[in-house]
Amino acid sequence: MITVNNLLFSYAPKNEHTLKNISFEVGNAEIFGFLGPSGAGKSTTQKVLTGVLKNYSGSVKLNNREIKNIDKKFYENIGVAFEFPNLYLKFTALENLQLFSSFYTCEQFKIDELLQRVGLWDDRNVKVEAYSKGMRMRLNFIRSILHKPHLLFLDEPTSGLDPTNSRMLKDIIKELCSNGTTIFLTTHNMTDADELCHRVAFMIEGQLPVIDSPENLKLQHGKKSVKVGYRENNHIEHAEFDLLRLGQNKAFRELIDQKQVETIHTQEATLEDIFIKVTGTQLQ
Amino acid sequence: MKTPNSQISNTSKLLTLIKFDVKSQIRQGFYLVYALVSLLYIIILFNIPFPARSSVTAYLILSDTSIIGITFMGALVLLEKQQNTLQSLFVTPVKLSQYLWSKAISLTLLALLASVLIAFIPGGLSHNWPLTLVAVGLSSLFFSFVGLGISAGAQSLNDYLAGIMLGGLIAGAPLVLFFYAPLVSLVFPINNVTDLLFTNSLSFSQARTAVNCTFLVIWILLAYRYATRQFNKHIINK
């Protein structure tokens, strides 16, 4: 779906490059996570991929078509939900969706069904200025998927959402993906990235030092051990065992047999640990 | 290559945007403000005897309703910048040209409506209404595009006000020429509008009307190009 080769970009000819020779591919129906601290170049990459910034060097192709040469029809197949909800505040949710729906000629979801799905149906005729941040985020999200885009760009889609709505949104994202939508997810939220993404890329200072699946990264960078939490004199104690031949480990077997085990966790690294380790930078 | 279908779709997108912009302007209170302003002008004009009423009407339209575009555009665009709606609009099939024309046409509709009330209820310019409407329509389109260009680069309302003061000075200065070299001065848009509005009260000339309209159309296209460049530079490619 997306093929990027040696992409270089700077906002002005004399400025330092914001994107420094980056290359990656995103396959059909893949959820590709783009992680990195603020100012790393994530938004710039998204602007290049959505055809907004065309003055780049290298190659950026969508379905084998160079983005530089696209016309406005290209946007029939693209959906973008920006980090900050960009809605017409003096208009209702329904009016906002109807306006955007009128821009597309392709097959679309039914507005009523989308509003019901994200729990905004009862407030469909309320002006967006009276919406909470979470409601605006949900509306912003369904506006971006209204026209059943083949490629969807999501920037921090669960920001400001309570756990229930965050769960609901992630379920829709997975559903879209299983129906063939390719999703480019920009986020700081490592839990979301871990749960949703087939692969993630770490962006730091305009470069992509790491691209891999969360599972591979966690295995590569984690400890091959298991940590057992067990109850001892009304306290929780912990013991760690090597995963290698764990079944034959006498101490581990004794602990399992004789103690009241409360937790057992393998010690793979978290995505956040890996990000800090690889880039030397903490996500903000 | 454009197909008839895409043409229809482009026209329908433009009409949808115009309708939405008019609705938005009503909700922002622009129409209410102009209803009150027009009412005030109408009361003043009813108290001025003819033939002075015609000249005062032309002056009010020249100095106010025909430049509604530049007065209100800053508020409209800065609000959209603040609400971040522009970035989401430009990643849809909507073209920048459709956005710009919609803004200019919608404010021109307001300018025409206000001018109709001011010119025709007290009767100051009702004897040559087509020319008055043409003058207001073309002038409003020109000033709307100038307003769009200035607002694209403005970061705040103060920036915009400074921009339109400078723009107003540049656009208005050639009016001096109108009194010394009327014919030569017709290359400037402010003089074209002045000539069209005041011709109503004096003598009508087809040739002069054609010259004024031609120059205004050229100025509208130049202002449109300026607005397009400013939007690409300050908003789209930022």
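One numbering rule holds for all chains: residues counted from 1, following each sequence as written. Written order decides the labels, with chains lettered from A and ligands numbered from 1. Reporting of local features is limited, given that this is a predicted model, to residues whose pLDDT is at least 70; pairs of side-chain atoms are given and counted only at 80 or more, and all residues count toward the totals for whole chains, interfaces and linings.

With that settled, consider the nonpolar core. Counting residues in each nonpolar core, the largest one holds 121 residues, and the members touching the most others are Leu185(A), Phe142(B), Phe145(B) and Ile220(B). Remark: residues whose backbone-derived C-beta atoms lie within 7 Å of one another are considered to be in contact. Apart from the residues lying within four places of it in its own chain, the contact partners of Ile220(B) are Leu138(B), Leu141(B), Phe142(B) and Phe145(B). Any nonpolar core is a set of buried residues, restricted to Ala, Val, Leu, Ile, Met, Phe, Trp, Tyr and Cys, that join up through C-beta atoms within 7 Å. To sort residues by exposure, count the other C-beta atoms lying within 10 Å of each residue's C-beta; 20 or more gives buried, 12 or fewer gives exposed, and values between give partly exposed, all with C-beta atoms placed from the backbone.

Here the limits of each domain have been adopted from an automatic or database domain assignment. Under the domain assignment, chain A is made up of domain 1 (2–213) and domain 2 (223–267). The C-alpha-based centres of domain 1 of chain A and domain 2 of chain A are spaced at 43 Å.

Okay, unusual backbone geometry next. Note that the residue after Phe50(B), namely Pro51(B), is joined by a cis bond; omega there is 5 degrees. Put simply, DSSP marks the helices as runs of H or I at least four residues long and the strands as runs of E at least two long, and each gets a number from the N terminus on. For Pro51(B), the location among the structural elements is in the loop between helix 2 (30–46) and helix 3 (52–63). One non-glycine residue, Asn63(A), adopts positive backbone phi at about 50 degrees. Structurally, the position occupied by Asn63(A) is in the loop between strand 4 (57–62) and strand 5 (65–66). Asn63(A) gets classed as partly exposed once you count the C-beta atoms within 10 Å, which come to 13. Non-glycine residue Asn233(A) carries a positive phi angle of around 50 degrees. Mapping Asn233(A) onto the fold places it in the loop between strand 11 (225–232) and strand 12 (235–242). Given 5 C-beta atoms within 10 Å, Asn233(A) falls into the exposed group.

Attention now goes to the environment of Leu151(A). Residues and elements named next belong to chain A. Along the chain, Leu-151 turns up in strand 7 (residues 151–155). Taking the C-beta count within 10 Å as the criterion, Leu-151 has 21 such neighbours and is therefore assigned buried. A sequence separation of 31 residues divides Leu-151 from Thr-182, and the C-alpha atoms of the two residues are 4.8 Å apart. Residues within four places of Leu-151 in sequence aside, it is in contact with Met-1, Leu-62, Asn-77, Ile-78 and Thr-182.

Across the contact, 20 residues belong to chain B and 22 residues belong to chain A. At six residues, the largest contribution of residues to the side of chain B that touches chain A is made by helix 1 (residues 4–27) of chain B. A class-by-class count of the residues in the side of chain B that touches chain A yields six nonpolar, eleven polar and three charged. Residues are sorted three ways: Asp, Glu, Lys and Arg are charged, Ala, Val, Leu, Ile, Met, Phe, Trp, Tyr, Cys and Pro are nonpolar, and all the rest, Gly among them, are polar.

All names here are of chain B. The quantity known as pLDDT measures the predictor's confidence residue by residue, on a range of 0 to 100. Per-residue confidence for chain B gives a mean pLDDT of 87, with 95% of residues at or over 70. Across chain B, the secondary-structure element scoring lowest on mean pLDDT is helix 9 (residues 175–180), at 80, and the one scoring highest is helix 6 (residues 96–120), at 94. Reported for the predicted complex are a pTM of 0.85 and an ipTM of 0.84.

Residue and element names in this part refer to chain B. Fitted lines through C-alpha atoms serve as axes, helices being fitted only where they are in contact, and the angles separating the N-to-C directions of these axes extend from 0 to 180 degrees. Where helix 4 (residues 68–82) contacts helix 8 (residues 157–172), the axes come no closer than 10 Å and their chain directions differ by 155 degrees. On the basis of their axis angle, the class for helix 4 and helix 8 is roughly antiparallel. Judged by the sense of rotation from one axis to the other, the crossing of helix 4 with helix 8 is right-handed. Contacts between helix 4 and helix 8 pair Ile-70, Gly-74 and Leu-78 from the former with Leu-157, Tyr-160, Ile-164 and Gly-167 from the latter. By residue class, the composition of the contact of helix 4 with helix 8 is five nonpolar, two polar and no charged. Note that the term roughly parallel is reserved for angles under 35 degrees, roughly antiparallel for angles over 145, roughly perpendicular for angles of 65 to 115, and oblique for everything else. Handedness of a helix crossing follows the sense of rotation of the near helix relative to the far helix, less than a right angle counterclockwise being left-handed and clockwise being right-handed.

Pairing between the strands of a sheet comes from backbone hydrogen bonds, and it takes one of two forms, parallel or antiparallel. Residue and element names in this part refer to chain A. Two strands make a pair as long as DSSP finds a minimum of two bridges between them. Taken in spatial order, the six strands of this open sheet run 6-7-8-3-9-10, and their pairing is mixed. What marks the edges here is a single partner per strand, and that holds for strand 6 (78–81) and strand 10 (207–212). For this sheet, the mean inter-axis angle between neighbouring strands, taken without regard to orientation, is 15 degrees. Across four bridges, the pairing between strand 9 (residues 199–204) and strand 10 is antiparallel. Paired with Ile-204 across the two strands is Gln-207, which belongs to strand 10. Docked against the sheet, helix 9 (residues 271–279) engages strand 3 (31–35), strand 9 and strand 10, running at close to 40 degrees with respect to strand 9.

Bringing helix 8 of chain B into the picture now. Residue and element names in this part refer to chain B. To estimate the expected span of a helix, subtract one from its residue number and multiply by 1.5 Å. Between its first and last C-alpha atoms helix 8 spans 21 Å; for 16 residues at 1.5 Å apiece the expected length is 22 Å, and the two agree. Where helix 8 is concerned, the buried positions are Tyr-160, Gly-163, Ile-164 and Ala-171. Down the axis of helix 8, the buried side of the element spans an arc of 95 degrees, and every buried residue falls inside it. Those residues of helix 8 that are exposed and aimed more than 90 degrees away from the buried face are Asn-158, Met-165, Leu-166 and Leu-169. Looking at the packing, one finds that the buried side of helix 8 touches helix 4, helix 7 (129–153) and helix 10 (189–199). The directions from the helix axis to the C-beta atoms form the arc being described.

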